[in-house]
Amino acid sequence: MINKKQNLTAITIIAYVMLILQISCTAKTPTDLSKESIIPKPVSITATGDNFTLNDGTGIFYQGESEEVKQIGQYLAGRLKPATGLNIEVKSVASEPKAGIYLTLSGDTKQGDESYELVISKNLLILSAGSPAGLFRGIQTIRQILPAKIELSAKQEGPWEIATGTIKDYPDYSYRGVMLDVSRHFFGVSDVKRFIDLISYYKINVLHLHLSDDQGWRIEIKSWPNLATHGGSTQVDGGNGGYYTQDQYSDIVKYAMERYITIVPEIDMPGHTNAALASYAELNCNGKATELYTGIEVGFSTLCTTKDVTYKFIDDVVRELAALTPGPYIHIGGDESHSTKPEDYIPFINKVQEIVASHGKQIIGWDDISAATIKPNSFAQHWANVKNANAAVAQGAKIIMSPSIKAYLDMQYDKSTKVGLHWAAYIELDSAYNWDPATYIPGVKKENVLGVEAALWTETITNMNDIEYMVFPRLPGIAEIGWTASPLRNWDEYKGRLAKHGNRFKAMEIDYFESKLVPWGGVK
Ligand code: TNX
């Protein structure tokens, strides 16, 4: 029997517990910066247990008069506006303000241009770097330590709290790229811009555009206009295709540059060239234009490596492309030239390397190019053949790591994946994450590696939703491999951080693959 007194005690206890619960739900939760799920994982985080709050009194201040830093401040204000509804002012100041967000170039670049430091106290959030690129990377961290709903496009209720403490951060590799194949299926400027926005959130700094292949030529070349108008007129499965005008390409380059992303344009040659061979008869050894091609088998096409006009063509294309491309690299493909005789392939690559150099650029080629005499300032992109990578290193060239069994984002996750291929492997998230560019190929050491690049080939990928599904969430893992030094990387810990990005993906309307390996549920 429970008497009245016991009943009262029980009620008091319940009321008390409810009150505590209520307080803990509404009052400021003591936050711990070191528990935030930042991807890629920063070099170091120290928490001080308090909160900085973004509200209608918050300003973004930048030190000095730099137009570039001002634009970075405006970019941040633009990212914060939709969900908070705040019109945050961006103002120049001579020295550190008492409160608000403060961007300053007072940091150093000892750890590279992209290093940054965040010092967050109750009233002031200081982001310092030695160069604007570092400020931009630091802003991605700020976005990730705000609540996930900051990424929603409609106004939300606050509070907009950030845990206090210090983050010091810089990348392990200077090249962290993604390749998008716009040849097999064409993707317009707005899709590419969304892609750039999504990859920049994970501190990717290179977008490699695969601009030509058997199935389509995607960039206007004024001296050879049929390349785009005819060679770009279709795509895999015979759809309409398309191409970027030079103005559109420049617009993409600028958009990427504003996000500190370098565009690497690729013109694949001497194989993978049917779109060009169909556009200009003289590029064929028999002088006859080929038919446009909409299948997915490759290895049948080759430029005529023994004709002078071929090198005039390449010189014109590279000249126009180099003039539109501020980045240091032109990618010349060079893969799977199964219809080019080895005795023709090697002098061809050597000549093209000189042409590219004459226009002030360095070459990147798929690792097949190591059969030629490559310069030490050329780069071989490893995709399949370990011997090729070693041969490139033996010539003093560095490697960009894109092993197809780890970093090919067109590979299916598992047998149930509806799009994609699986010729290299099925790549689940743990496999995409668990490898180290510095030890991946015996004989290729860390100092031989420029960085990493994930590649999305698009034979089976026809729209933005499919792109997002194949890229997310494998890309954040590859981005972490490029940014975060290997002793700090651990799949079991990473998958917990990734789980918390599920809400961010949703807020950004990213169509991602909900891998069963990740504990998405049970996460706020
Ligand atoms: C191999 S990787 C290719 C591409 C295909 C891809 C499909 C490489 C250098 N060549 O042409 O699109 O496989 O996964």
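Residues numbered from 1 in each chain as written. Predicted model: local features only at pLDDT ≥ 70, side-chain atom pairs only at ≥ 80, totals over all residues. Heavy atoms only, no water.

A. Up close: the state of the cysteines. Evaluation of the coordinates by the stated rule reveals one disulfide. A sulfur-sulfur distance of 2.0 Å marks the disulfide that ties Cys-285 to Cys-304. Since a negative S-S torsion denotes a left-handed disulfide, the Cys-285-Cys-304 link at about 90° is right-handed. Taken together, the positions of Cys-285 in the loop between helix H7 (274-279) and helix H8 (308-324) and Cys-304 in the loop between H7 and H8 put the pair 19 residues apart, joining distant regions of the chain. (Disulfide = S-S within 2.5 Å. Helix = DSSP H or I, 4+ residues; strand = E, 2+ residues; numbered from the N terminus.)

B. Layout of the packing of helix H14 (residues 474-483) against helix H15 (residues 491-507). Between H14 and H15, whose axes approach to 11 Å, the crossing angle comes to 130°. Comparing the axis directions of H14 and H15 gives the class oblique. Crossing of H14 over H15 shows right-handed handedness. Listed contacts from H15 to Pro-476, Gly-477 and Glu-480 of H14 are Tyr-494, Arg-497 and Phe-505. Looking at the contact of H14 with H15 residue by residue, the class counts come to three nonpolar, one polar and two charged. (Axes fitted to C-alpha atoms, helices over the stretch in contact; angles between N-to-C directions. Parallel < 35°, antiparallel > 145°, perpendicular 65-115°, else oblique. Left-handed = near helix turned anticlockwise from the far one by under 90°. Contact = heavy atoms within 4.5 Å. Nonpolar A, V, L, I, M, F, W, Y, C, P; charged D, E, K, R; others polar.)

C. Molecular detail of helix H6 (residues 246-257). Between the first and last C-alpha of H6 there are 16 Å, a value that for twelve residues agrees with the 16 Å anticipated at 1.5 Å per step. For H6, the set of buried residues is Gln-246, Tyr-249, Ile-252, Val-253, Tyr-255 and Ala-256. Contacts made by the buried residues of H6 are with helix H4 (189-200), strand E9 (206-213), strand E11 (262-269) and H8. (Expected span 1.5 Å × (residues − 1). Buried < 20%, exposed > 50% of the residue type's maximum accessible area, 1.4 Å probe, protein only.)

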